[in-house]
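# Structure assessment
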Amino acid sequence: MEKYIVRVNGKEYEVEVEKVDGNNVATSGQTQSAASASAAASSAPAAKAKVAGTDVKSGTAGKVWKVVTKVGDEVKKGDSILILEAMKMEIPVVAVCDGKIADICVNEGDPVEGGQVVAVLA
């Protein structure tokens, strides 16, 4: 298994690729041609490395409308970190405790699921 960093639209993703034979590779437990593996890596980003801290999760499914903080910002419990748009409503996702933003796991325009980790507090 070999690890690679793939850059798509300016974002970096770590992917693992296992060589099976001359023309096929295995990615995420599936065997496919090298060309389709490359396309899959660019269209379906791998999960990024987890940052240690307290997870902040989305309370509902929606789309990230606006990120109002950045990594390194100090926040208090209840402060807005980002705002989701769902059913034409703006829904703030707030800090679950006092801390510093260690990671913002989503970008403006990204779809999110209910319960998805969207930020990490240190």
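Refer to the preceding data block for the structure.
## Focus on the nonpolar core
- Counting residues in hydrophobic clusters, the biggest one holds 15 residues, and the most contacted among them are Val56, Ile81, Val118 and Leu121.
- Within the residue set of this core, elements represented by two or more residues are strand S8 (80-86), strand S10 (99-104) and strand S12 (117-121).
- Not counting the four nearest positions on each side in its chain, Leu121 is found in contact with Gly53, Thr54, Val56, Val75, Ile81, Ala95, Val96, Cys97, Lys100, Ile101 and Ala102.

## What about the environment of Thr69?
- Locating Thr69 in the fold gives a position in the loop between strand S6 (62-67) and strand S7 (74-75).
- The spacing of Thr69 and Ile101 is 32 residues in sequence and 7.8 Å in space, taken between C-alpha atoms.

## Points about the pairing of S12
- Buried residues dominate S12, accounting for four of its five residues.
- Bridging between strand S5 (residues 54-57) and S12 involves four bridges; their strand directions are antiparallel. Its bridge partner being in S12, Val56 is matched across the sheet by Ala119.
- By the bridge criterion, three bridges tie S10 to S12 in an arrangement that is antiparallel. Across the sheet, the residue bridging to Ile104 is Ala119, located in S12.

## Focus on unusual backbone geometry
- In this structure, Met87 is a non-glycine residue whose phi angle is positive, near 50 degrees.
- On the secondary structure map, Met87 appears in the loop between S8 and strand S9 (89-94).
- Taking relative accessible area as the criterion, Met87 reaches 76% and is therefore assigned exposed.
- Backbone geometry places Lys88, a non-glycine residue, at a positive phi of 65 degrees.
- Here Lys88 lies in the loop between S8 and S9.

## Observations regarding the sheet that holds S10
- With antiparallel pairing, four strands are arranged side by side in an open sheet as S5-S12-S10-S7. What marks the edges here is a single partner per strand, and that holds for S5 and S7.
- In terms of strand pairing, S7 meets S10 through two bridges, oriented antiparallel. Looking at the pairing, Glu74 lines up with Lys100 of S10.

## So, the sheet that holds S9
- Taken together, four strands build an open sheet; the order of strands is S9-S8-S6-S11 and the sheet is antiparallel. Lying at the two open borders of the sheet, with one neighbouring strand each, are S9 and strand S11 (111-112).
- Relative to S11, S6 runs antiparallel, the two sharing two bridges. Bridged to Gly62 within S11 is Val112.

## Brief notes about the pattern of salt bridges
- The tally for this structure, following the rule as stated, stands at two salt bridges.
- In this structure, Asp73 and Lys70 form a salt bridge, with 3.1 Å as the shortest nitrogen-oxygen distance.
- Across the pair Lys100 and Glu74 runs a salt bridge whose closest N-O atoms are separated by 3.9 Å. On the criterion of sequence distance, the pair formed by Lys100 in strand S10 and Glu74 in strand S7 is long-range, its members being 26 residues apart.

Procedures and definitions
- Residues numbered from 1 in each chain as written.
- Predicted model: local features only at pLDDT ≥ 70, side-chain atom pairs only at ≥ 80, totals over all residues.
- Heavy atoms only, no water.
- Core = buried A, V, L, I, M, F, W, Y, C linked by side-chain atoms within 4.5 Å.
- Buried < 20%, exposed > 50% of the residue type's maximum accessible area, 1.4 Å probe, protein only.
- Helix = DSSP H or I, 4+ residues; strand = E, 2+ residues; numbered from the N terminus.
- Contact = heavy atoms within 4.5 Å.
- Pairing = 2+ DSSP bridges.
- Salt bridge = Lys/Arg side-chain N within 4 Å of Asp/Glu carboxyl O.

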